[in-house]
Amino acid sequence: MNAVKLQLEAARAARERLDVLEFAPPVACVYDPLDYAWGAYEEYVVRYGEAIGRVLFLGMNPGPWGMAQAGVPFGEVSAVVEWLKITSPIGRPVREHSRYPVRGYDCPRSEASGKRLWGFFRKRFGDVAHFFERHFVVNYCPLLFIASGMLKNGLEGARNLTPDKLPRSEREVVLEICDDLLRSVIHALEPRCVVGVGNFAAQSAARALEGCDIPMYKILHPSPASPKSNVDWEGEVTRQLVAQGVWA
């Protein structure tokens, strides 16, 4: 069974397990791009996910203006359309928060983390096939959590709630499923190493893959929320990858 088929089967299995879970407030909506944006995710895996023995970059979970819109890890829309050439139709979540609408490729907002990450790879490797010859990008958790809350003016607000901020009982169930998904992806791709994009992804890989003989590394997350990421992020990440032996 080839790597593409194994990955898609693992994603479907994780989707089935995750989509039956229920979450208490403050979680108001849960988006699963593996459901409503499956076509784009499948196209990404089929087009780029076949080779084994590559560097596997591991992200945390979908961003509201990234994978939640385009179905691809770190899926900043312009990068997905213009560089990755993903064009499969995008649907809509069953329950959608008004402050985080899914507009697919018509989304007017840009996911800063995805723009930095894919822009960095595009600048360094140029041709998209050149990058994917030796690298692949996946997310640890397929779900985006939207938490509700009241603003100071009395209006309803909303925010992106990362998986590590879920209540313990909910978090443990989600992480167990995501650990299984990651182990399945590792089995399919047989990567030469795993690079966690940020602390959460690196810690998740270390836990899920404990006992596996796979080198694991970490790079600075590209999110503008991290002050360090706003000062020569590309230069810092290049130095980190070279120092860890991931890149020459």
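The structure reproduced in this document is the subject of the present report.

Basis of the calculations
Residues numbered from 1 in each chain as written. Predicted model: local features only at pLDDT ≥ 70, side-chain atom pairs only at ≥ 80, totals over all residues. Heavy atoms only, no water. Buried < 20%, exposed > 50% of the residue type's maximum accessible area, 1.4 Å probe, protein only. Helix = DSSP H or I, 4+ residues; strand = E, 2+ residues; numbered from the N terminus. Pairing = 2+ DSSP bridges. Axes fitted to C-alpha atoms, helices over the stretch in contact; angles between N-to-C directions. Parallel < 35°, antiparallel > 145°, perpendicular 65-115°, else oblique. Contact = heavy atoms within 4.5 Å. Core = buried A, V, L, I, M, F, W, Y, C linked by side-chain atoms within 4.5 Å. Phe/Tyr/Trp six-rings, centres within 6.5 Å; stacked < 30°, edge-to-face > 60°. Salt bridge = Lys/Arg side-chain N within 4 Å of Asp/Glu carboxyl O. Expected span 1.5 Å × (residues − 1). Arc of directions from axis to C-beta.

1. Observations concerning the pairing of strand β3 (residues 135-139)
Logical step 1: Among the 5 residues in β3, 5 count as buried, and that is most of the element.
Logical step 2: Side chains His135, Val137 and Asn139 project from β3 onto one buried face, and the interleaved Phe136 and Val138 project onto a second face that is buried too.
Logical step 3: Looking at chain direction, strand β2 (residues 55-59) and β3 are connected through 5 bridges and run parallel. Each residue of the ladder has a partner; that of Leu58, found in β3, is Val138.

2. Thoughts on the packing of helix α8 (residues 168-189) against helix α9 (residues 199-208)
When two helices pack together, their arrangement is given by the angle between the helix axes and the distance between those axes.
Logical step 1: Two elements in contact, α8 and α9, have axes whose closest approach is 10 Å; the angle formed by their N-to-C orientations is 75 degrees. What the angle tells us is that α8 and α9 run roughly perpendicular. The residues of α9 that touch α8, namely those facing Leu175, Asp179, Leu182 and Arg183, are Phe200, Ser204, Ala205, Arg207 and Ala208.

3. With respect to the sheet that holds strand β6 (residues 193-197)
Logical step 1: Overall, parallel pairing links the 4 strands, which are arranged β3-β2-β6-β7 in an open sheet. The outermost strands of the open sheet, each flanked by one partner alone, are β3 and β7 (216-219). Across the sheet, the mean angle from the axis of one strand to that of its neighbour is 25 degrees, orientation sign disregarded.
Logical step 2: The strands touched by α9 within the sheet are β2, β6 and β7, with β7 carrying the most contacts at an inclination of about 170 degrees.

4. A short note on the pairing of β2
Within a regular strand, side chains alternate between the sheet's two faces.
Logical step 1: Of all the 5 residues making up β2, 5 are buried; the element is thus mostly covered by neighbouring parts of the structure.
Logical step 2: Along β2, one buried face is formed by Val55, Phe57 and Gly59 and the opposite face, lined by Leu56 and Leu58, is buried too.
Logical step 3: In the sheet, β2 pairs with β6 via 4 bridges, with the strands oriented parallel. In the sheet register, Leu56 faces β6, and the bridge partner there is Val194.

5. Observations concerning the nonpolar core
Buried together is how nonpolar side chains tend to be arranged in soluble globular proteins.
Logical step 1: Core analysis: the biggest nonpolar cluster contains 74 residues, and Tyr44, Phe57, Leu84, Trp118 and Phe121 have the highest contact counts within it.
Logical step 2: If near-sequence neighbours (up to four positions away) are discounted, Trp118 is found in contact with Tyr44, Val72, Pro73, Phe74, Gly75, Ala79, Trp83, Leu84, Phe131, Phe132 and Val137.
Logical step 3: Listed in part, the 13 residues of the second largest apolar core include Tyr31, Ala37, Val77 and Leu144.

6. Things to note about the packing of aromatic side chains
Logical step 1: The final tally for this structure, using the stated rule, is 23 aromatic pairs.
Logical step 2: An angle of 75 degrees between the planes, with centres 5.9 Å apart, marks the rings of Trp118 and Phe121 as edge-to-face. Separated by 3 residues within a single helix, Trp118 and Phe121 lie in helix α6 (residues 112-125), roughly one turn from each other. The two residues Trp118 and Phe121 agree in class, both being buried.

7. Quick notes on the pattern of salt bridges
Logical step 1: What the rule picks out here adds up to 11 salt bridges.
Logical step 2: For Glu234, the salt bridge identified is with Lys123, shortest N-O distance 3.2 Å. Taken together, the residues Glu234 in helix α10 (residues 233-243) and Lys123 in helix α6 connect sequence positions 111 residues apart.
Logical step 3: Ionic contacts of the salt-bridge type, sharing partners, join the residues Arg17, Asp180 and Arg183 into one network.

8. Looking at α6
Logical step 1: For α6, spanning 14 residues, the distance from its first C-alpha to its last is 20 Å, which sits close to the expected 20 Å at 1.5 Å a residue.
Logical step 2: Listed in full, the buried residues belonging to α6 are Ser113, Gly114, Leu117, Trp118, Phe120, Phe121 and Phe125. One face of α6 carries all of its buried residues, which in axial projection span an arc of 145 degrees. Pointing more than 90 degrees away from the buried face of α6 are the exposed residues Lys115 and Lys123.
Logical step 3: With its phi angle positive at about 70 degrees, Gly126 sits one or two positions after the end of α6.

9. Things to note about unusual backbone geometry
Logical step 1: The linkage connecting Pro25 with the following residue, Pro26, adopts the cis geometry, with an omega of 20 degrees.
Logical step 2: Along the chain, Pro26 turns up in the loop between α1 (3-18) and β1 (27-31).
Logical step 3: Notably, Lys85 is not glycine yet its phi reads approximately 60 degrees, a positive angle.
Logical step 4: Within the secondary structure layout, Lys85 lies in the loop between α5 (77-82) and α6.
Logical step 5: For Lys85, a relative accessible area of 46% puts it in the partly exposed group.

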